[in-house]
Amino acid sequence: MKLKGKVAAITGGSAGIGLAIATAFLREGASVAIMARDPAKGASAVDKLGGGEHSVFIQGDATVQADIEGFVDGTIERFGRIDILVNNAGGAGELLPLVELTDESFDHTMKLCVYSTFWATRRALRPMLDQQFGRIINISSVEGKIGKPVFSSYTAAKHAVNGLTKSTAQEVGTEGITVNAICPGLIITDIIKASGPATAKAMGLTFEEMVNLFSQESAIKRPNQVEQVAETAVLLASDVGAGITGATWSVDGGTAPY
């Protein structure tokens, strides 16, 4: 029970990495609020979690500032405090060669990945500063450390998340608050299954060829699992992780060079 009595808010928590983190946090004794756009998926996720009064779904769109801030406020209203914020909402948006990217597509990716992290972090920091305790965990990507063709908007966004992580950690390091990023490599989640074929096509590959390419870039030669990211989040959220801040932790099977 590494997180007993703690309250966590997780954006994009109805599936994939977010749901795995919520599951792990509940197992470790935390109360958990999850946010996602689809009310049906959110209700289903809460049922899967089986957390009873220790879990709640709050509907919201990560690209909308009022929804993000309302989610943080709603978590505090429901549980009385917020100790852990996981900025998991994100996505690659439309992946195309830069010369073909529209302003609207680039802006959407920035809002989904960077602005949502900024809005949620800013909102959660005040109560964390007041209580002199907090854990902020940003779900970045291996693309925040490297670059690939047609990933320009997503790569830019995740590099920005990593930079935001490091600077914020420096600002609040003496206040009992840690700020870290987890950088997963390829994980075959539902969103990857849905968007992956289009991404692969933009790269001139089939989906299977793209998965194999990304796998071969790693040391383990296969995708990682959501549970591995979740266990890293537990470490960073726990007292054991109190000495870790401003870090960008790779959970990518040895893909990133640092």
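This text follows the structure it describes.
Nothing here was measured: the structure is a model prediction, and the numbers come from that model. (Residues numbered from 1 in each chain as written. Predicted model: local features only at pLDDT ≥ 70, side-chain atom pairs only at ≥ 80, totals over all residues. Heavy atoms only, no water.)

K.L.:
So what's going on with the overall build of the chain? Residues and values would help.
P.N.:
Within the chain, the regular secondary structure consists of 8 helices and 7 strands. At 17 Å, the chain has a C-alpha radius of gyration in line with the 18 Å of a compact globule built from 258 residues. With the C-alpha coordinates of the chain rotated into their principal frame, the extents come out at 50 × 40 × 35 Å. Counting all 258 residues of the chain, 55% fall into the buried class. Carbon and sulfur atoms provide 54% of the accessible area of the chain, an area that totals close to 11200 Å². Measuring between centres, the 22 positive side-chain charges of the chain sit 5 Å from its 27 negative side-chain charges. (Helix = DSSP H or I, 4+ residues; strand = E, 2+ residues; numbered from the N terminus. Rg over C-alpha atoms; globule rule 2.2 N^0.38 Å. Buried < 20%, exposed > 50% of the residue type's maximum accessible area, 1.4 Å probe, protein only. Areas by Shrake-Rupley, 256 points an atom, 1.4 Å probe, with all protein chains shown as cover. Lys, Arg positive; Asp, Glu negative; His and termini not counted. Charge placed at Lys NZ, Arg CZ, Asp CG, Glu CD.)

K.L.:
For the pairing of strand β2 (residues 31-36), give the residues involved together with the corresponding values.
P.N.:
Of all 6 residues in β2, 6 are buried, a share of seventy percent or more. Residues S31, A33 and M35 point to one face of β2 and V32, I34 and A36 to the other, with burial holding for every one of them. Bridge count for strand β1 (residues 7-11) against β2 is 5 bridges, and the pairing is parallel. By the bridge assignment, A8 is partnered in β2 with V32. (Pairing = 2+ DSSP bridges.)

K.L.:
Tell me what's going on with the sheet that holds strand β7 (residues 248-251), and back it up with residues and numbers.
P.N.:
Here 7 strands make up an open sheet; going across it, the order is β3-β2-β1-β4-β5-β6-β7 and the pairing parallel. The open sheet has two edge strands, β3 (55-59) and β7, and neither has a second partner. The average undirected angle you get between the axes of adjacent strands in this sheet is 20 degrees. Where β2 meets β3, 5 bridges bridge the pair, whose relative direction is parallel. (Axes fitted to C-alpha atoms, helices over the stretch in contact; angles between N-to-C directions.)

K.L.:
I'd like a rundown of the nonpolar core, residues and numbers included.
P.N.:
One broad rule of soluble globular proteins: the nonpolar side chains tend to lie buried together. Core analysis: the biggest nonpolar cluster contains 35 residues, and I21, F25, I34 and I137 have the highest contact counts within it. Taken together, the elements giving at least two residues each to this core come down to β1, α1 (16-27), β2, α2 (39-49), β4 (84-87), β5 (134-139) and α8 (226-237). Here this core takes 8 residues from α1, the largest share from any one element. Those residues within four positions of F25 in sequence are excluded, and the remaining contacts are L3, A8, I10, A30, V32, I84, V86, I137, A233, V234 and A237. Of all hydrophobic cores here, the second largest spans 25 residues; its members include A62, I68, I136 and V172. (Core = buried A, V, L, I, M, F, W, Y, C linked by side-chain atoms within 4.5 Å. Contact = heavy atoms within 4.5 Å.)

K.L.:
Could you give me a rundown of the pattern of salt bridges, with the residues and numbers involved?
P.N.:
With the rule as written, the count across this model stands at 10 salt bridges. A salt bridge links R123 to D73; the shortest N-O distance between them is 2.8 Å. Note that R123 is positioned in helix α4 (residues 103-131) and D73 in helix α3 (residues 65-79), a separation of 50 residues in sequence. A residue is classified by how much of its surface remains accessible, and D73, at 26% relative accessible area, is partly exposed. When salt bridges that share partners are traced, they join K2, R27, E28 and E231 into one network. (Salt bridge = Lys/Arg side-chain N within 4 Å of Asp/Glu carboxyl O.)

K.L.:
Requested: an account of the packing of α1 against α8, with residues and values cited.
P.N.:
The relative placement of two packed helices is expressed as an angle between their axes plus a distance between the axes. The contact between α1 and α8 brings their axes to 8 Å, and the two run at 50 degrees. Compared by their axis directions, α1 and α8 come out oblique. For the pair α1 and α8, the sense of crossing is right-handed. Only V226, V229, A230, E231, A233, V234 and A237 of α8 make contact with α1, whose side of the interface consists of G16, I17, A20, I21, A24, F25 and R27. Of the residues that constitute the contact of α1 with α8, the class distribution is 11 nonpolar, 1 polar and 2 charged. (Parallel < 35°, antiparallel > 145°, perpendicular 65-115°, else oblique. Left-handed = near helix turned anticlockwise from the far one by under 90°. Nonpolar A, V, L, I, M, F, W, Y, C, P; charged D, E, K, R; others polar.)

K.L.:
Now, about the packing of aromatic side chains: what can you tell me, with residues and values included?
P.N.:
Two aromatic rings are characterised by how far apart their centres lie and by the angle between their planes. Inspection of the entire model under this criterion finds 4 aromatic pairs. Plain terms: the ring middles of Y115 and W119 are 5.4 Å apart, the flat faces sit at 55 degrees to each other, and that makes the pair tilted. Placement of the pair is Y115 and W119 together in helix α4, with a separation of 4 residues, close to one helical turn. By relative accessible area, which is 41% here, Y115 ends up partly exposed. What makes W119 buried here is its relative accessible area of 8%. With 6.1 Å between their ring centres and 65 degrees between their planes, F151 and F214 make a pair best called edge-to-face. (Phe/Tyr/Trp six-rings, centres within 6.5 Å; stacked < 30°, edge-to-face > 60°.)

Shape descriptors only; they carry no functional weight alone.
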